[in-house]
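Residues per chain are reported as follows:
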Amino acid sequence: MKELDWVRLIKDRARYREQGMNLGDIGIVMGGERNGYVLVVIEGEIYQDENGVYCTTEKDVAVRVEDLEVVTDKK
Amino acid sequence: MELSQANVYVKKMFSCEWVKWIHPGSAPAETSAAKRGNVDNALLNSRHCASCLNMNGCCFEKGNCPENPLHEHCHCHYEDIGTITVRATSVIEKYTKYIFENEKNKGKKALFEAWGFSSLDSDFLKKEIERQAQIAFQCGDYILGKRNEYGQRISIVIHLKRKDTGEEIAFVTGWMSYPDGRIELNTPYGGKNERA
């Protein structure tokens, strides 16, 4: 598993649900392993805030490496 | 950079007071081996959690620091360190294989292309975003984002001129704090312009 890989959550944990990631969700690894966790980003919507700054609603979740599988064919 | 803007930055830099997050009894995880050691340590000793281990050694502006303690029975603290030297780092693949990759994101490629940028601008974007983030963090101009087991996220607003019209645009970039003033780019575009 490396940065920018597609990954799927294969273990359900309350901690992941709290952060908005559910079993089977697919995201992208955006941060390499750190103390047993990788940073997984689930894409969100693009919007501009009241100051005109471009933002997104994406979620980034710290996930244990063993709770993920690499998705080779997202389709 | 205009002289007046440079003066503003210098004043801000010298007015910042920095603190370092300390997790007693463990070394900051600078290498994969050290990180793996921390995992083993956390497994063997339930007093240590990954969130605290990953905060160890990270530096924040005193007025813009995560609240301490992080959790019940947390024995972390922070120490005044005066000044720091910031290093903002990123990898080119976050542009070439993420922002400008059709399948990897939801609308970011189209947005950057609408601003006149293409994958050929990846190197420029990497360097300019690193440069602005380094100055912003050194000035304390960052937003504390979500903190989880991976560490403390930091959002920094980047300003660029559209390549097609020259109009200024601003967007949020997501960074992760690492020991001794290093911040590493998570996403060249993403997140909210508000404290989590």
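Placed above this text is the structure.
The paragraphs below set out a description of the structure included in this document. (Residues numbered from 1 in each chain as written. Chains lettered and ligands numbered in written order. Predicted model: local features only at pLDDT ≥ 70, side-chain atom pairs only at ≥ 80, totals over all residues. Heavy atoms only, no water.)

## So, the overall build of chain B
Convention followed: Helix numbers and strand numbers start at the N terminus; a helix is a DSSP run of H or I with at least 4 residues, a strand a run of E with at least 2. Per-residue accessibility, obtained with a 1.4 Å probe over protein chains only, is compared with the maximum for each type, and a residue is labelled buried under 20%, exposed over 50%, and partly exposed between these values. Two residues form a contact once any of their heavy atoms are found within 4.5 Å.
Helix and strand counts for chain B come out as 6 helices and 8 strands. If you list the helices and strands of chain B from N to C, you get α-β-α-α-β-β-β-α-α-α-β-β-β-β. For chain B, with 196 residues in total, the buried portion stands at 51%. Counting contacts in chain B only where the partners sit at least 6 residues apart, residues at least 24 apart contribute 66% of the total.

## So, the environment of E167 of chain B
Residues and elements named next belong to chain B. Mapped onto the elements of the fold, E167 is located in the loop between β6 (151-161) and β7 (168-178). Spatially, the C-alpha atom of E167 lies 9.1 Å from that of W115, the residues being 52 residues apart in sequence. Not counting residues up to four positions away in its chain, the partners in contact with E167 are L160, K161 and R162.

## Details of unusual backbone geometry
Across the chain, the bulk of peptide bonds are trans and the bulk of non-glycine residues have phi less than zero. In this chain, N68 of chain B is followed by P69 of chain B through a cis amide linkage whose omega measures 5°. Here P69 of chain B shows up in the loop between β2 (59-61) and β3 (77-82). Positive phi outside glycine occurs at L4 of chain A, with the angle close to 75°. Within the secondary structure, L4 of chain A sits in the segment before β1 (6-9).

## Things to note about the interface of chain A and chain B
The following threshold applies: A 1.4 Å probe defines the accessible area here, and the buried area is the portion of it lost by two parts on being joined, summed over both. Throughout this description, the term salt bridge denotes a Lys or Arg side-chain nitrogen within 4 Å of a carboxyl oxygen of Asp or Glu. Counting of polar contacts relies on pairs of N or O atoms within 3.5 Å, with two restrictions inside protein: one atom must be capable of donating a hydrogen and the other of accepting it, and residues adjacent in sequence are counted only when both atoms are side-chain atoms. When residues are grouped by polarity, Ala, Val, Leu, Ile, Met, Phe, Trp, Tyr, Cys and Pro land in nonpolar, Asp, Glu, Lys and Arg in charged, and all others, Gly among them, in polar.
The partner chain B presents 43 residues to the 34 residues of chain A that form the contact. For the pair chain A and chain B, the two sides together bury roughly 3,300 Å², of which 50% comes from carbon and sulfur. Among the residues chain A hides against chain B, the three largest losses belong to R34, N35 and Y54 of chain A. Together they make up 26% of the total. If you look at where chain A meets chain B, you find 7 salt bridges. E43 of chain A is paired through a salt bridge with K108 of chain B; the nearest N and O atoms lie 3.6 Å apart. Remark: the boundary between chain A and chain B carries 21 residue pairs in polar contact (both at pLDDT 80 or more). Elements represented by at least two residues in the side of chain A that touches chain B include exactly β2 (26-34), β3 (37-42), β4 (46-48), β5 (54-56) and β6 (59-64) of chain A. In terms of residue count, the dominant contributor to the side of chain A that touches chain B is β2 of chain A (6 residues). Looking at the side of chain A that touches chain B residue by residue, the classes come out as 14 nonpolar, 9 polar and 11 charged.

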